[in-house]
Amino acid sequence: MRRFLALLARNRLALLGLVVMGLVVLLALVTPWLPLKPPNVTNTSDKFLPPFSEGALLGTDHLGRDLLSRLLWGTRLSLAVGFAAAAIAATLGAAIGVVAGYYGGRVDNVVMRGVDMLMAFPYILLALAIVAALGPGLFNALIAVAAVNIPFFARNIRGVTVGIAHKEFVDAARLSGLSDARIIVSEVLPNVVPVIVIAMSTTVGWMILETAGLSFLGLGSQPPQADLGSMLGEARSAHITQPHTSVVPGVMILIIVMAINLLGDGVRDALDPRLRSGALSRPMAATQVARDHVPPEPRAEGVLTLTDLETQFHVGKRTFRAVNGVSLHVAPGECLGLIGESGSGKSVTALSVMGLVASPPGVITGGSAQYKGQELIGARYGKLRQLRGDRVSYIFQDPLATLHPLYKVGDQLIEAIRVHHPVGRRAARERALGLLRDVRIPNPESRIDAYPHEMSGGMRQRVGIAMALANDPDVIIADEPTTALDVTVQAQILSVLSDLRRERGLAIVFITHDFGVVAQLCDRAAVMYAGRIVEQGTTEQILNHPRHPYTALLMKCVPELGAGRRRLEAIPGLPPAVDRLPEGCAFADRCPKVQPDCRAGEIVLRQVGDHAARCLHPVERAREEAAQ
Amino acid sequence: MTLALRLVDLAKTFPVGKRLFGKPKGKVRAVHPVTLDVERGETLGIVGESGCGKSTLARMLVGLLEPTQGHVEIEGAALDTADPALFGKRIQYVFQDPISSLNPRKTIRQIMEAPLRRLHGMKATERQARIREIFDSVNLREEFLDRYPHEFSGGQAQRIGIARALAAQASILVLDEPVSALDVSVQAQVLNLLADLKGEYGLTYLFISHDLAVVEAVCDRIAVLYFGAVVELGRAEDVFRAPLHPYTRLLAESAPVVGRPLTAPEAKETELPDPLNPPSGCAFRTRCPRATERCAAEVPTLETAKSNHQKAACFHPLSD
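Residues numbered from 1 in each chain as written. Chains lettered and ligands numbered in written order. Predicted model: local features only at pLDDT ≥ 70, side-chain atom pairs only at ≥ 80, totals over all residues. Heavy atoms only, no water.

In the annotation of an unreviewed UniProt entry, the entry for chain B reads Peptide/opine/nickel uptake family ABC transporter, ATP-binding protein, and the organism field reads Oceanicola granulosus. A UniProt comment under Subcellular location (unreviewed entry) is attached to chain B, and it reads "Cell inner membrane". (UniProt positions renumbered as here; feature names shortened; annotations may be inferred.)

Going by what an unreviewed UniProt entry lists, chain A is known as Peptide/opine/nickel uptake family ABC transporter, permease/ATP-binding protein and is assigned to Oceanicola granulosus.

So this is what it looks like as structure tokens:
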């Protein structure tokens, strides 16, 4: 709740709306105790007194009634009717929506078609029809306004409920013995409430306007009772000669509706989780770079060389050191495996290379990344854009999320080609067909005109690879490209990648958590833990003689096919949070070989035997050394 | 040995392209009639690729989905799926995504209390004691009880999911990809915990996964599912080492293994069959190197090929 208020207060206009609305509501609440003249007592001798007259601050109307008194009493009534209508519409609409969305199928169909029928009428016509049937009067106007708004709530809530009703926790509740009614009340409803509040906050103003509209037409409040709409209606005849009689209620309506709408927008922004996470603030075109020291000279040769790369996420007062001094290099025709668990920084490393980490909150705070000697960190956006997808391209885990759902895959490929090469559509299409053939898509002539959703996961990932290959890049960075795929499809994709690497001399950085994949595809491998490389060497060295205890333990955690039934080794505990990294080795708390000096200070990546490890007490090559 | 669970001709067909009135446009057979026995105390693995019907099968077992045909028997009595308060006590389910299986707006205590209250009608003090006992056995601290799901890591959330399933005191747990959303180091922790709990409470597991190595490491027997049908059933140590069905061999050869060179075990162009328009006869024949005319004409059953402890739905098993 406090967080909600803080978020709301950050939006200045919403705060203004809240203050104004608070004042109006307060005034409406205390009206009966204010020293006002009675609102309905006529005194025709004092009619149409101008504002600021003696005894009538806002003047009087055509019957000599005090406008200030009528305004406050009228506001009170209008607000009450507006809020009541909103509450009724929200309750009934939400009930209909939740029931339709939860049960689905025929119930949903019948209920929602009924709601659609209500929506098919222009709402003012429907409201008029309801009032005409029930007879004029404020209470009937309230019913009409509420009824007209029920479909809006019902449709909104139904949509949200459908999503929630298929969540796993609803199934879990059913298995816990809860009946449908209980599930609706205790599982679904609490998750729908924010949406109801959002919908209400954005429609209350509207409902006050609608009630005023009906009163204006003489169908709402009946004389002599004042509400804002009827005040306007009565002032209409004297609109030209005595403008203040219509201006006074008009201004009040304006104030109320503006305040409510500003507040409503603020409430929506503060409650909507997508907006809360900053989805509305568009990330920069390239990751922000703020290096406080001179980038180091590369220490290794390669088509892509990273040196001491540091990427951080700055969220509020906290700093997440996602990538903490990573040095990597990859040569043409070589495949480098980057191994790590989630949160180890392997994906952020990959995205940092081409400035693809979202900023804010990502900032590259140090190090360099060079493509064929050209510095990429801090390069002009134009240059980065020219290299992205042309010289260095990416393959991501989920091809469904990276392909645009509304364009044919062929058109997306053609676009990728034509962005970087001035070729005609026809030539680009030929090239796209060739690419689809290269990644072994059966029937490329017909598949080129398919939409992403028409293809299977494996086929989509092939399109993703074709896209990455579109401009004959030198480097491909593949971020878990086969994790979402089935094993038989994974085997196909891996062999396609392996062939392409050989045929075209591609350098591949392959990010994965699967040692089997690394063993089969990669020449060299690097293991990451808590933002740092803890071990690096050839695949054979790492897999057969791991030196860092983390690598050794991680490999034992992974069951291997053919090893039979057994108890698995587990690493106790969890990786440290990268905003609170411990002194010394980040793995110390989980390590069976930990010594006091492991927590003492910076530990460097040093040569251990035939390859590099960031460990003071590495795993011995016991068997081999004993044998020698 | 007594039977814990028996599936008799369990099948599910989904209508496709529903209309408000009249018949749907087509049908997809998600699960072909499956008959399986699971002994008490056994872990039966069910492996298969995405879309093979594993999750549909699992949801039918726990009563979340009504089978089109056949029924489930638990300890000799047919499962009545009408009353959730009854079947929840006999069979429970552990979900794949640990976080989304916990209601984000409830505390862990509220989540844990639901099965104790609704299924067993326990009083507050009894519930307290029972929750403490269960949390102890899944290695969770009691202070977690008053927190909300988003405060937990995947591994912890999955333990909470397991704790909730244990609270129902069902003797059979259906584990639907219980570790595939977890990191490898945490995956081993959860698998070992499951093995300990099984001994402690005398549970029977149905372990559903796409990860062959995990299934092989934790199961007694394995059933291989392809296109909604069980194509091979046998002891865990044999199924992938000496498969009878060509599909099982394809699976085993596709799994990346350290020390085995990278080869695509089947032609790179091969595609899965279309569920709306399945091939006649054996569903695997379009991908199978051993397919003959008989495979197109007849549907093989699990009794077609047998060796000692293994059965496969294949006319030309690999043992020939």
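Having seen the structure, we can now continue with the description.
Okay, the overall build of chain A next. Scanning chain A for helices and strands turns up 23 helices and 13 strands. Expected size for 628 residues packed as a compact globule is a radius of gyration near 25 Å; at 34 Å, chain A overshoots this value by more than 25%. Counting across all 628 residues of chain A, residues that qualify as buried make up 50%. Counting contacts in chain A only where the partners sit at least 6 residues apart, residues at least 24 apart contribute 67% of the total. Per element, the accessible surface of chain A, about 28,400 Å² overall, is 60% carbon and sulfur. Taken together, the 62 basic and 55 acidic charged side chains of chain A have centroids lying 3 Å from each other. (Helix = DSSP H or I, 4+ residues; strand = E, 2+ residues; numbered from the N terminus. Rg over C-alpha atoms; globule rule 2.2 N^0.38 Å. Buried < 20%, exposed > 50% of the residue type's maximum accessible area, 1.4 Å probe, protein only. Contact = heavy atoms within 4.5 Å. Areas by Shrake-Rupley, 256 points an atom, 1.4 Å probe, with all protein chains shown as cover. Lys, Arg positive; Asp, Glu negative; His and termini not counted. Charge placed at Lys NZ, Arg CZ, Asp CG, Glu CD.)

Right, let's talk about the sheet that holds strand S9 (residues 221–226) of chain B for a bit. Residues and elements named next belong to chain B. If you walk across this open sheet you meet the 8 strands as S6-S7-S8-S3-S9-S10-S12-S11, and the pairing is mixed. Unpaired on one side and paired on the other, strand S6 (91–94) and strand S11 (305–306) mark the two borders of the sheet. Here 5 bridges tie strand S3 (residues 43–47) to strand S8 (residues 204–209), and the two strands are oriented parallel to one another. Of the residues in S8, the one forming a bridge with Thr43 is Tyr205. Running at roughly 100 degrees to S9, helix H9 (residues 246–254) makes contact with S9 and strand S10 (229–235) of the sheet. (Pairing = 2+ DSSP bridges. Axes fitted to C-alpha atoms, helices over the stretch in contact; angles between N-to-C directions.)

Moving on to the sheet that holds strand S4 (residues 69–74) of chain B. All names here are of chain B. If you trace the 4 strands from one edge of the open sheet to the other, you get S2-S1-S4-S5, paired in antiparallel fashion. Strands with a single pairing partner mark the edges of an open sheet, and in this sheet they are strand S2 (26–39) and strand S5 (77–78). Examined bridge by bridge, strand S1 (residues 3–16) and S4 share 5 bridges and lie antiparallel to one another. Following the sheet pairing, Leu5 is matched in S4 by Ile74. Contacting S1, S2 and S4, helix H1 (residues 54–61) crosses the sheet at an angle of about 120 degrees to S1.

Next up on the list: the interface of chain A and chain B. In many analyses, interface size is given as the accessible surface area lost on bringing the parts together. At the junction of the two partners, chain A supplies 65 residues and chain B supplies 72 residues. In total, about 5,800 Å² of surface goes out of reach between chain A and chain B, with carbon and sulfur atoms giving 57% of it. Area buried by chain A at its contact with chain B is led by A:Leu175, A:Gln520 and A:Leu561, which between them contribute 14% of it. Taken together, the connections running from chain A to chain B amount to 3 salt bridges. Where A:Glu187 meets B:Lys106, a salt bridge forms, and the shortest distance between an N and an O atom there is 2.6 Å. At the boundary of chain A with chain B, the tally comes to 17 residue pairs in polar contact (both at pLDDT 80 or more). Looking at the side of chain A that touches chain B, the elements that each hand over two or more residues are helix H4 (105–120), helix H7 (168–175), helix H8 (180–216), helix H18 (457–469), helix H19 (487–504), helix H20 (515–521) and helix H22 (549–557) of chain A. Examining the composition of the side of chain A that touches chain B, we find that 11 residues originate from one element, H19(A), more than from any other. (Buried area = accessible area lost by both parts, 1.4 Å probe. Salt bridge = Lys/Arg side-chain N within 4 Å of Asp/Glu carboxyl O. Polar contact = N/O pair within 3.5 Å; in protein donor to acceptor, adjacent residues only side chain to side chain.)

What follows concerns the pairing of S9(B). All names here are of chain B. For S9, the buried fraction is high: 5 of the 6 residues fall into the buried class. In this sheet, S9 lies alongside S3 in parallel orientation, the contact comprising 4 bridges. Bridged to Ile46 within S9 is Ala223. As defined by bridge partners, S9 adjoins S10 across 6 bridges and the pair is classed as antiparallel. Residue Arg221 lies in a different strand from S10, and its bridge partner there is Arg235.

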